[in-house]
Amino acid sequence: QVQLVESGGGLVQAGGSLRLSCAASGRTFSSYAMGWFRQAPGKEREFVSAISWRGISTVYAAVKGRFTISRDNGKNTVYLQMNSLKPEDTAVYYCTADTSTRVLVNGTGNYWGQGTQVTVSS
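These figures come from a predicted structure and were not determined experimentally.

Parameters at a glance
- Residues numbered from 1 in each chain as written.
- Predicted model: local features only at pLDDT ≥ 70, side-chain atom pairs only at ≥ 80, totals over all residues.
- Heavy atoms only, no water.
- Helix = DSSP H or I, 4+ residues; strand = E, 2+ residues; numbered from the N terminus.
- Contact = heavy atoms within 4.5 Å.
- 1 Å grid on protein atoms, 1.4 Å probe; cavity = no way out; pocket = protein on both sides within 12 Å on 5 of 7 lines; lining within 4 Å.
- Points joined across faces, edges and corners; volume = space filled by probe spheres on them.
- Nonpolar A, V, L, I, M, F, W, Y, C, P; charged D, E, K, R; others polar.
- Disulfide = S-S within 2.5 Å.
- Buried < 20%, exposed > 50% of the residue type's maximum accessible area, 1.4 Å probe, protein only.
- Phe/Tyr/Trp six-rings, centres within 6.5 Å; stacked < 30°, edge-to-face > 60°.
- Lys NZ or Arg CZ within 6 Å of the ring centre and 35° of its normal.

### Regarding the environment of Ala 40
At step 1: Looking at where Ala 40 falls in the secondary structure, it is placed in the loop between β4 (33-39) and β5 (46-51).
At step 2: Along the chain, Ala 40 and Ala 50 lie 10 residues apart, while their C-alpha atoms are 19 Å from each other.
At step 3: In this structure, Ala 40 is in contact with Thr 90 and Ala 91, ignoring residues within four places of it in sequence.

### Here's the deal with empty space enclosed by the protein
At step 1: If you walk through the whole model with that rule in mind, you get 1 cavity of 30 Å³ or more.
At step 2: Size it by volume and the largest cavity reaches roughly 30 Å³.
At step 3: What lines the largest cavity is simply Val 2, Ala 24, Ser 25, Gly 26, Thr 28, Phe 29, Tyr 32, Met 34 and Ala 97.
At step 4: By residue class, the composition of the lining of the largest cavity is 6 nonpolar, 3 polar and no charged.

### Some thoughts on the state of the cysteines
At step 1: Within this structure, the stated rule accounts for 1 disulfide.
At step 2: Covalent S-S linkage joins Cys 22 and Cys 95, the inter-sulfur distance amounting to 2.1 Å. One disulfide, between Cys 22 and Cys 95, carries an S-S torsion of -80 degrees and so falls in the left-handed class. Within this pair, whereas Cys 22 is found in strand β3 (residues 18-24), its partner Cys 95 is found in strand β9 (residues 91-98), the two being separated by 73 residues in sequence. For the pair Cys 22 and Cys 95, one class covers both residues: buried.

### Looking at the packing of aromatic side chains
At step 1: Under the defined criterion, the tally for this structure stands at 3 aromatic pairs.
At step 2: Each ring, one from Tyr 32 and one from Tyr 111, has its centre 6.1 Å from the other, and the planes form 70 degrees; the classification is edge-to-face. Taken as a pair, Tyr 32 in the loop between β3 and β4 and Tyr 111 in strand β10 (residues 111-112) lie far apart in primary sequence, 79 residues in all.
At step 3: The class for Tyr 111 is buried, based on a relative accessible area of 13%.
At step 4: Here a set of aromatic residues connected by ring pairs shows up, and it is made of Phe 37, Phe 47 and Trp 112.
At step 5: Stacked on the ring of Phe 37, the Lys or Arg Arg 45 has its end atom at 5.7 Å from the ring centre.
At step 6: Lying across the ring of Phe 29, Arg 71 places its NZ or CZ 4.7 Å from the centre.

Purely geometric numbers; function is a separate question.
Given below as structure tokens:
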């Protein structure tokens, strides 16, 4: 069983930055792929970024060059550094984990956090 707790969301002006964190419980964190999804009001949940247990990252085209995912296996934590934020980045951001990167990227990861709100004002 893995429990995920996100933090770091908030209100920021366009062009600003935020760093989201996702702390995971469990002793096998290093063997899990980790990722981030987001869901804006009235829209479907969409993939943002993922990082495999080997540290190979994948990022959604709309945020490429602005968002960076990283992980610290010693702290059981995955991060999402978000720079040059835009109003369209406003959403609830969810952390997810699965033993398969492919399953995670498809949005069917086995574990999900409760989400953290990110609001970008224009």
